Amino acid sequence: MKKTDLLMIPGPTPLPDAVRLVLSSPGIGHRSADFKEILKRVFPALRWIFQCKNEVFLYTASGTGAMEAAIVNTLNAGDLVLVLVNGVFSQRWADIAKTLGVEVECLTVEPGQAITPEQLRAKITAHKGAPIKSVMMTHSETSTSVLSPLKELAAVSRELLPEALIIADTVTSLGAAPFQFDAWDLDIAVSGSQKGFMLPPGLSFLAYSDRAWKAHKACKNPGFYFNFSKYLKAQVEFTTPYTPGTNLITGLDVALSLMQEEGLDNLTARHRQLQEMTRAGLSAMGLELFVPKFEEASPSVTAFLPPKGITVDAVRGELKKTYGIVIADGQKELKGRIMRIGHLGAVSEREVLTVLSSLEASMIKLGAPIQVGKAIPAAIASASKEKVGAHA
Ligand SMILES: Cc1ncc(COP(=O)(O)O)c(C=O)c1O
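Computed from a prediction, not measured in an experiment: that's the story for all the values here. (Residues numbered from 1 in each chain as written. Predicted model: local features only at pLDDT ≥ 70, side-chain atom pairs only at ≥ 80, totals over all residues. Heavy atoms only, no water.)

## Some remarks on the nonpolar core
Buried together is how nonpolar side chains tend to be arranged in soluble globular proteins.
Then, in step 1: With 52 residues, the main nonpolar core has F50 and F197 as its most contacted residues.
Then, in step 2: Of the residues forming this core, the biggest block, nine residues, is contributed by helix α2 (residues 33–50).
Then, in step 3: With near-sequence residues (within four places) excluded, F50 lies in contact with V56, T170, L174, F179, Q180, F181, A189, S191, F205 and A207.
Then, in step 4: Within the second largest apolar cluster, 30 residues are counted, among which are A69, A70, L75 and L206. (Core = buried A, V, L, I, M, F, W, Y, C linked by side-chain atoms within 4.5 Å. Buried < 20%, exposed > 50% of the residue type's maximum accessible area, 1.4 Å probe, protein only. Helix = DSSP H or I, 4+ residues; strand = E, 2+ residues; numbered from the N terminus. Contact = heavy atoms within 4.5 Å.)

## Remarks on the pattern of salt bridges
Then, in step 1: Inspection of the entire model under this criterion finds 19 salt bridges.
Then, in step 2: One salt bridge in this structure joins R121 and E159, with 2.8 Å as the shortest N-O distance. With a gap of 38 residues between them, R121 in helix α5 (residues 117–126) and E159 in helix α6 (residues 150–160) connect regions that are remote in the sequence.
Then, in step 3: Ionic pairing is found between R211 and D187, a salt bridge with its closest N-O pair at 2.6 Å. Remark: D187 occurs in the loop between β8 (165–169) and β9 (188–192) and R211 occurs in helix α7 (residues 210–218); sequence separation between them is 24 residues.
Then, in step 4: A relative accessible area of 0% places D187 in the buried class.
Then, in step 5: Residues participating in the shared-partner salt-bridge network are R158, D185, D187 and R211. (Salt bridge = Lys/Arg side-chain N within 4 Å of Asp/Glu carboxyl O.)

## Structural notes on the site of the ligand
Then, in step 1: Around the ligand sit 13 residues, and of these S62, T64, T142, D169 and K195 come closest.
Then, in step 2: One of the side-chain N or O atoms of D169 is found 2.5 Å from a nitrogen atom in the ligand.
Then, in step 3: The contact in question runs from an oxygen atom of the ligand to an N or O atom on the side chain of K195, over 2.6 Å.
Then, in step 4: Protein coverage of the free-state accessible area of the ligand, which is 390 Å², stands at 88%. (Near = heavy atom within 4 Å. Polar contact = N/O pair within 3.5 Å; in protein donor to acceptor, adjacent residues only side chain to side chain. Areas by Shrake-Rupley, 256 points an atom, 1.4 Å probe, with all protein chains shown as cover.)

## Some remarks on the pairing of strand β11 (residues 301–304)
The side chains of a regular strand alternate between both faces of the sheet.
Then, in step 1: In β11, alternate side chains face the same way, and those of V301 and A303 on one face and T302 and F304 on the other are all buried.
Then, in step 2: Strand direction decides the pairing type here: β11 and strand β14 (residues 339–342), joined by four bridges, are antiparallel. Across the sheet, A303 pairs through a bridge with R340, a residue of β14. (Pairing = 2+ DSSP bridges.)

## So, unusual backbone geometry
Then, in step 1: At the junction of G11 and P12, the peptide bond is cis and its omega measures out at 0° in the coordinates.
Then, in step 2: Of note, P12 is situated in the loop between β1 (6–7) and α1 (17–23).
Then, in step 3: One non-glycine residue, K332, lies in the positive phi region at around 50°.
Then, in step 4: Looking at the element boundaries, K332 is found in the loop between β13 (328–329) and β14.

## Re the environment of V19
Then, in step 1: Looking at the secondary structure, you find V19 in helix α1.
Then, in step 2: A relative accessible area of 0% places V19 in the buried class.
Then, in step 3: Beyond its immediate stretch of four places on either side in the chain, V19 contacts M198, L199, G251, V254, A255 and L258.

## Some remarks on the sheet that holds β14
Then, in step 1: The strand order across the open sheet built from three strands is β11-β14-β13, with neighbouring strands paired in antiparallel fashion. At either end of the open sheet lies a strand with only one pairing partner, and these are β11 and β13.
Then, in step 2: Inspection of the sheet shows β13 paired to β14 by two bridges, in the antiparallel sense. By the bridge assignment, A328 is partnered in β14 with R340.

Given below as structure tokens:
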């Protein structure tokens, strides 16, 4: 019997039933009074999840669209930016900026490492030449499962470069890791629907500060489709400048209400707990975690190495074929070297225990040299007594 696959990749994430139901609704006019009512709930809820006072722009585009929007709206060709690079997605900031004619300086560390405030301090202090107009960083680097200390990095940037815009990718951290846009004095943060928002891909979100708004107003060519001014003008009237992804937005309305019902503290505690369980289970099996330090590891995804003599393809293939579970390969130079288990969005202890036990079964079938019978007890023991991760 063919069953639906269990998606344990770091996005797209599984969809809650309530979201799936509304996504299949027959359709709604984007200029209708009913849709306006939805936006009246969605816009404040987005401000809640970002913890910010200004509007959060709602784009019908994947996360990369919001990344491009951040740059095109606030920077000019020839400006210099500093990009903190520790993987595929942080590198994307540099790639987009260069494409738009922005000059890029990188602070690069090895994939699997977090970028520390001390490294950023040293880099900025040593910088000579043109002023740095923006510091761009990635909270959860999905390609390696690293969480960088965004709050502390932003504080160093603000202290040493008070005028520079702090632009953050929170694509796989929002809704999973503690995050406060206004309190951390960020200028732009972006995220996407197929991650902690428990939706299919297709929407992205952008929070901005007054400082970013000023930069937008001074920007020589802030573009057309993603133009901040067009979105603000529309959003204060509870509408959108162009035809938005209407069904996705009806899903977003439901997803945000599920997130609000759970509450920010419980959301982050649940993701931390699922991360701890995953890490404990993998370690007990004798598998090597790609990010050894818990404090540097993302609460939304865990990367690990295959055991000696066993390929990533073989493990992922067995998981998919026999158990209907999908986990992610590494990306770019880490393809075939690591595997990644997503534990983001609508996941609970049930999914984590399922992926761990199925992974163990796959390893046994492949003859992998692992510790048998240890993963589940270790995962259960690591789950906190407070059952925030219980299946609802
Ligand atoms: C950290 C991070 N940034 C950016 C992106 C790009 O988002 P999208 O694929 O939605 O364009 C992703 C996608 O996985 C991501 O994980």
